[in-house]
Amino acid sequence: MKKIALFTLLFLFVVGCANSRGMKVPIVPTLDKQLKEMQQIPLHAGLFIDPSLYHFSQEERQIDMIAGIHHYVFPIGEPLAKNIEEMTKIVFNKVTILNKLPNQEIIEKTGLDAILTVQLKASKLELIVEESVWRAIGKHYLSVHVSFLDKNLNKIFEDDLAVEGKNLDLIDYETEGGWWKISGPKYGPAVEDSIEKLVFKLAQRLIAFREKITIK
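Below is a summary of the structure that appears in this document. (Residues numbered from 1 in each chain as written. Predicted model: local features only at pLDDT ≥ 70, side-chain atom pairs only at ≥ 80, totals over all residues. Heavy atoms only, no water.)

## Describing the environment of Glu158
And then number 1: Examined against the element boundaries, Glu158 turns out to sit in strand E8 (residues 155–170).
And then number 2: Glu158 gets classed as partly exposed once you look at its relative accessible area, which sits at 38%.
And then number 3: Once the C-alpha coordinates of Glu158 and His145 are considered, the two residues, 13 residues apart in sequence, prove to be 7.6 Å apart.
And then number 4: Excluding its chain neighbours within four sequence positions, the residues that come into contact with Glu158 are His145, Val146 and Ser147.
And then number 5: A distance of 2.8 Å separates polar atoms of two side chains, one belonging to Glu158 and the other to His145.
And then number 6: Within polar-contact distance, the side chain of Glu158 engages the side chain of Lys155 at 2.6 Å. (Helix = DSSP H or I, 4+ residues; strand = E, 2+ residues; numbered from the N terminus. Buried < 20%, exposed > 50% of the residue type's maximum accessible area, 1.4 Å probe, protein only. Contact = heavy atoms within 4.5 Å. Polar contact = N/O pair within 3.5 Å; in protein donor to acceptor, adjacent residues only side chain to side chain.)

## Let's talk about the packing of aromatic side chains
And then number 1: Taken as a whole and assessed by the stated rule, the structure comprises 5 aromatic pairs.
And then number 2: For the ring pair Tyr72 and Phe74, a centre distance of 5.9 Å and an interplane angle of 40° mean the geometry is tilted.
And then number 3: Ring geometry for Phe92 against Phe148: centres 5.9 Å apart, planes inclined by 15°, an arrangement best described as stacked. With Phe92 in strand E5 (residues 92–98) and Phe148 in strand E7 (residues 135–150), this pair connects stretches of sequence that are 56 residues apart. Here Phe92 matches Phe148 in class, with each residue buried.
And then number 4: Grouping aromatic residues by their ring pairs yields a cluster made of Phe92, Phe148, Phe157 and Phe209.
And then number 5: Note that Arg205 overlies the ring of Phe157, its terminal NZ or CZ placed 4.6 Å from the centroid. (Phe/Tyr/Trp six-rings, centres within 6.5 Å; stacked < 30°, edge-to-face > 60°. Lys NZ or Arg CZ within 6 Å of the ring centre and 35° of its normal.)

## With respect to the sheet that holds strand E4 (residues 68–74)
And then number 1: Pairing is mixed across the open sheet formed by 3 strands, whose spatial order is E1-E4-E3. In this open sheet, the two strands that pair with only one neighbour each are strand E1 (23–24) and strand E3 (58–64).
And then number 2: Pairing geometry for E3 and E4, over 7 bridges, is antiparallel. What sits directly across from Glu60, in E4, is Tyr72. (Pairing = 2+ DSSP bridges.)

The following block contains the structure:
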């Protein structure tokens, strides 16, 4: 009878945690320093990022003997979109952020030389706790669909870019894991890693096509 009561209490606790508001994970990626070494492309580029990306958040729940019960909310979209914006302003000498896909009239009116569009394709998180060594491993598989068009809306390239972000978080032996049970392992850096890799990969892709898109 006691086992049944204990199981019931545990079930209600888990359900309560699952339905409660999750902990928002801070995600603050930085741009790769190598971007500053790249030769800027002398173009006026229009950047259109799918509006839904700015508001994209991912929720993950984790139940573990060491880490405890946690409900995480990863606000992935906004930092990804902002970093793409910052990157394009470094790669091109002029950038206009677009709130919709431009037509020929808008392109001529704004004087755009090219248009870059970005959509989220997939975002998958793996939250792993290895109890034998008291460490947590975060993995984030992130991919976007990008299209780069010239001022006549002809495709220069279209591709899916994918990366894997990782982060290792070791337990603090001084507190015997107490802080892990309260705030949970740090998985935000895994997302930051994937965003940083993806944005730099996109920059490299653009630079690789500079001869095809530079106005002569």
